[in-house]
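Chain by chain, the residues run as shown.
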Amino acid sequence: AALYTSLIDALCKAKLGKEGFRVFESMQQHGSTPDLYTYTTLLVGLGKSGQWDLVRTVVADVKRAGFTLNVVTYNSLIDSLGKAGQDEAARRLFAEMEQSGVSPDVVTYNSLIAGIGKVGSLEEALELLETMKTRGISPTVVTYTSLIDLHIKAGNIKVVWKLLEEMNLRGLKPNAVTYRALIDGFCKAGELELAWDFYLNMLDMDYPPHLFTYKSLITACHKEGRADKMQELFENIKQKSYGRK
RNA sequence: CGAUCAAACCC
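Structure report, in brief. What you see is a predicted model; the values in this text were computed from it and never measured.

### Regarding the protein's contact with RNA strand B
- Around RNA strand B, 34 residues are found, and the nearest of them are Lys83, Asn110, Lys153, Arg180 and Phe212.
- Close to the protein, within 4 Å, the atoms of RNA strand B are drawn from sugar and phosphate at a rate of 48%.
- Note that a base nitrogen of RNA strand B is positioned 3.3 Å from one of the side-chain N or O atoms of Thr40.
- In the environment of RNA strand B, a sugar or linking oxygen lies 3.0 Å from a nitrogen or oxygen atom belonging to the side chain of Ser76.
- Elements with a contribution of two residues or more to the surface near RNA strand B: helix 1 (2–13), helix 3 (36–48), helix 5 (71–83), helix 7 (106–118), helix 9 (141–153), helix 11 (176–188) and helix 13 (211–223).
- Among the residues forming the surface near RNA strand B, the class breakdown is 10 nonpolar, 13 polar and 11 charged.

### Remarks on helix 13
- Its 13 residues place the ends of helix 13 18 Å apart at the C-alpha level, agreeing with the 18 Å of an ideal helix rising 1.5 Å per residue.
- Among the residues trailing helix 13, Gly225 stands out with phi positive, at a value near 65°.

### Focus on the environment of Leu163
- You can see Leu163 is positioned in helix 10 (residues 157–169).
- As for Leu163 and Ser146, which are separated by 17 residues in sequence, their C-alpha atoms are 10 Å apart.
- Setting aside residues no more than four positions away along its own chain, Leu163 makes contact with Leu126, Leu129, Tyr144, Leu147, Ile148 and His151.

### Quick notes on the packing of helix 6 (residues 87–99) against helix 7
- Contact geometry for helix 6 and helix 7: axes closest at 9 Å, N-to-C directions at 160°. Our classification of the angle between helix 6 and helix 7 gives roughly antiparallel. Regarding helix 6 and helix 7, the two cross each other, and that crossing is left-handed. Along the contact surface, helix 6 presents Asp87, Ala90, Arg91, Phe94 and Met97, while helix 7 presents Thr108, Tyr109, Leu112, Gly115 and Ile116.
- Across the contact of helix 6 with helix 7, the residue classes break down as six nonpolar, two polar and two charged.

### Points about the environment of Ser103
- Note on placement: Ser103 falls in the loop between helix 6 and helix 7.
- The exposure class of Ser103 is exposed, given its relative accessible area of 57%.
- Between the C-alpha atoms of Ser103 and Asn70, which are 33 residues apart in sequence, the distance is 9.1 Å.
- In this structure, Ser103 is in contact with Val71 and Met97, ignoring residues within four places of it in sequence.

### A short note on the side chain of Lys229
- With respect to the secondary-structure elements, Lys229 resides in helix 14 (residues 227–243).
- Within the buried core, Lys229 has no salt-bridge partner, and the shortest N-O distance to an opposite charge, that of Glu193, equals 4.4 Å.
- Ignoring anything within four residues of it in the chain, the contact list for Lys229 reads Glu193, Trp196 and Cys221.

### Remarks on unusual backbone geometry
- Look at Asp206: it is not a glycine, yet its phi comes out positive at around 70°.
- Along the polypeptide, Asp206 turns up in the loop between helix 12 (192–204) and helix 13.
- For Asp206, a relative accessible area of 65% translates into the label exposed.

### Some words on the packing of aromatic side chains
- In the structure shown here, the tally under the stated rule is 11 aromatic pairs.
- Their ring planes at 20° and their centres at 6.1 Å tell us that Trp161 and Phe198 sit as a pair that is stacked. With Trp161 in helix 10 and Phe198 in helix 12, this residue pair connects regions lying 37 residues apart in the sequence.
- Summarising the aromatic geometry, the rings of Tyr199 and Tyr214 are spaced 6.2 Å apart at their centres and angled 70° between planes, so their arrangement reads as edge-to-face. Here Tyr214 lies in helix 13 and Tyr199 lies in helix 12, a separation of 15 residues in the sequence. Both residues of the pair, Tyr199 and Tyr214, count as buried.
- Within the aromatic cluster, the residues linked to one another by ring pairs are Trp161, Tyr179, Phe186, Phe198 and Tyr207.

Cut-off values and rules
- Residues numbered from 1 in each chain as written.
- Chains lettered and ligands numbered in written order.
- Predicted model: local features only at pLDDT ≥ 70, side-chain atom pairs only at ≥ 80, totals over all residues.
- Heavy atoms only, no water.
- Near = heavy atom within 4 Å.
- Polar contact = N/O pair within 3.5 Å; in protein donor to acceptor, adjacent residues only side chain to side chain.
- Helix = DSSP H or I, 4+ residues; strand = E, 2+ residues; numbered from the N terminus.
- Nonpolar A, V, L, I, M, F, W, Y, C, P; charged D, E, K, R; others polar.
- Expected span 1.5 Å × (residues − 1).
- Contact = heavy atoms within 4.5 Å.
- Axes fitted to C-alpha atoms, helices over the stretch in contact; angles between N-to-C directions.
- Parallel < 35°, antiparallel > 145°, perpendicular 65-115°, else oblique.
- Left-handed = near helix turned anticlockwise from the far one by under 90°.
- Buried < 20%, exposed > 50% of the residue type's maximum accessible area, 1.4 Å probe, protein only.
- Lys, Arg positive; Asp, Glu negative; His and termini not counted.
- Salt bridge = Lys/Arg side-chain N within 4 Å of Asp/Glu carboxyl O.
- Phe/Tyr/Trp six-rings, centres within 6.5 Å; stacked < 30°, edge-to-face > 60°.

This is the structure in C-alpha cells:
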C-alpha cells in the first residue's frame, strides 16, 4: 500500500488528481487494500483539484472501510476547504472532528487560520490564535507568518508589529518565508523603507533572497522613483550570482 | 518508512 500511496501522491502533486484516482481504483482491483495514508493522499489531490463530489465519495468509503479519520486526514480536508474559500464547511468539519474525539493540533489551527483569514475574517483568525494558546497548542512560525501575511495585505500594520513582537517573545525567529511575506507585503503597501529594512535583515540572516523578492522590491522602487535603491539592488543581485559556484 | 499547514510568478 505504501508504494501505491507514493505513486498517487506523485500524480496528485503533478496536478493529475484524476490519474491519482485511477491508480487508486486499480490498486484495489489488484488486491491491494488502501490504508488511511492512501486515502488521505488521495483526498488531498482531489481537494486541490476541486473535485468535491469525489471527496465526499471517498470520505464515505473511508468510513465504510471501517477507518476512523485521524488528525492528518481532518487537517488535510480542512486545509483544502479553506483554500477553496469554503470557510463554513471548514468550520463544520472542525466541529465534527472535535465531536469525534480527534484533538486538533497546530496544523489544524494553522489551516483554519489561513482559510478563515482568506475570506477576510481577520478578527476570527486572531481569535483562533488565542484559542489555540489557551488550549496549550503552541503556535509556530507558520502560524505567525500566516497571520502576518493576512494582516499586512489588509493594511493592518499595527497588528503586524504586534505579531512580530509576540513571535520574538516566544523565541520564534522569522524564517525565509516570513521575510518574503513581509517584504512583498510592505512593497505592495507602498512602504518601501520598511521593506528595505527587512530585506537587509534577511541578508544578514543569510537567507537567500528569492527572485520574486527582488521583483517585488524592484517594482516598488520603480513606483516610488527610487533609482538609487534600484541600483543597489542590482549590485546585490550581481554579487550573488558571481558568488555562486 | 509513504499522507496535512504559511510567502512568492499567473490569476
